[in-house]
Amino acid sequence: MNDVLQLVLSGDLAAGLGGTETVLLVVLLAFIVGHVIGWVYMWTHTTLSYSKMFVASLVVLPVLVAMVMTLMRGNIVIAFGLLAVFAVVRFRNVLKDTRDTTFILWSIVMGLAVGTLRFSTALIGCACVAAIFLYLRMTAFGSRHRYDVILNLHWTGLGAGPVALKSVLRRHSLQMHLASERASADEGMDLSYRLLLRDPARSRELLDELEASDGVAYASLSQREVDESEI
């Protein structure tokens, strides 16, 4: 057993990586930095081309890059070997998801670590990156849930008008946004709202109250799993 442990640690110790504690510290700091980058991206992103998978990749990529730099530290041969690996790898299909690219980079880094006899770095890196992906999956990190339903209704031009509908919507929703407003041939208006409901289980009450309001011809709700459009 001691011989196996010595074999696992010998490659990292011979390369001067500082042991498992150094590798763990590098992975932890890179994960924290990636987390900050992901948060800043989420808070500052305003266009429609938002992608949850891209945010998750921003968290993992600093960890993988830090591991690459740890493996290449002080060894020019490994640096050139890594460049050769990226030059050799070719893909017939274009990867549209940044998460897929991250997994490919993860596989390359793990192969590089094992191939250069950095066994403990490979084991620690594999376990840590796998734990990070599981954490991102379990916490749904990167998702921005601002609205969960789309409300479409038709106002016939009678009654108090669209302004009076806001009081009804405020009672049932935490957030409300008028997405579209279009005039119709009968002098009414087609309205579309994006809502974050206080209690999604009471959505039927919202529809009943709207349909009972003066001037509302019909109302319908459609559920949305995510708020952001992904292009």
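Just so it is clear, the structure is predicted and the values come from calculations on it, not from any experiment.

Caption draft 1: View of the sheet that holds strand β1 (residues 149-155). Taken in spatial order, the four strands of this open sheet run β2-β3-β1-β4, and their pairing is antiparallel. Every interior strand has two partners, whereas the edge strands, β2 (173-183) and β4 (216-223), have only one. Direction aside, the axes of adjacent strands within the sheet are offset by 20 degrees on average. Bridge analysis of β1 against β4 gives seven bridges, and the strand direction is antiparallel. Bridging from a neighbouring strand, His154 pairs with Tyr218 of β4. Running at roughly 160 degrees to β4, helix α8 (residues 203-211) makes contact with β1, β3 (189-197) and β4 of the sheet.

Caption draft 2: Just the nonpolar core, in detail. Among the nonpolar cores identified, the biggest contains 33 residues, and Val60, Val63, Val109, Val129, Ile132 and Leu136 are the most heavily contacted of them. Broken down by secondary-structure element, the contributors of at least two residues to this core are α2 (20-44), α3 (52-72), α4 (76-88), α5 (98-115) and α6 (119-139). Among the elements that line this core, the one with the most residues is α3, at 11 residues. With near-sequence residues (within four places) excluded, Leu136 lies in contact with Ala56, Val59, Val60 and Phe141. Leu165, Leu169, Leu197 and Leu210 belong to the second largest nonpolar core, which has 17 residues in total.

Caption draft 3: Looking closely at the pattern of salt bridges. Using the criterion set out here, one finds three salt bridges in the structure. With its nearest N and O atoms 3.8 Å apart, the salt bridge here joins Arg182 to Asp190. Across the pair Asp208 and Arg204 runs a salt bridge, and its minimum N-O distance is 3.1 Å. Placement of the pair is Asp208 and Arg204 together in helix α8, with a separation of four residues, close to one helical turn.

Reading the values: rules and limits
Residues numbered from 1 in each chain as written. Predicted model: local features only at pLDDT ≥ 70, side-chain atom pairs only at ≥ 80, totals over all residues. Heavy atoms only, no water. Pairing = 2+ DSSP bridges. Helix = DSSP H or I, 4+ residues; strand = E, 2+ residues; numbered from the N terminus. Axes fitted to C-alpha atoms, helices over the stretch in contact; angles between N-to-C directions. Contact = heavy atoms within 4.5 Å. Core = buried A, V, L, I, M, F, W, Y, C linked by side-chain atoms within 4.5 Å. Buried < 20%, exposed > 50% of the residue type's maximum accessible area, 1.4 Å probe, protein only. Salt bridge = Lys/Arg side-chain N within 4 Å of Asp/Glu carboxyl O.

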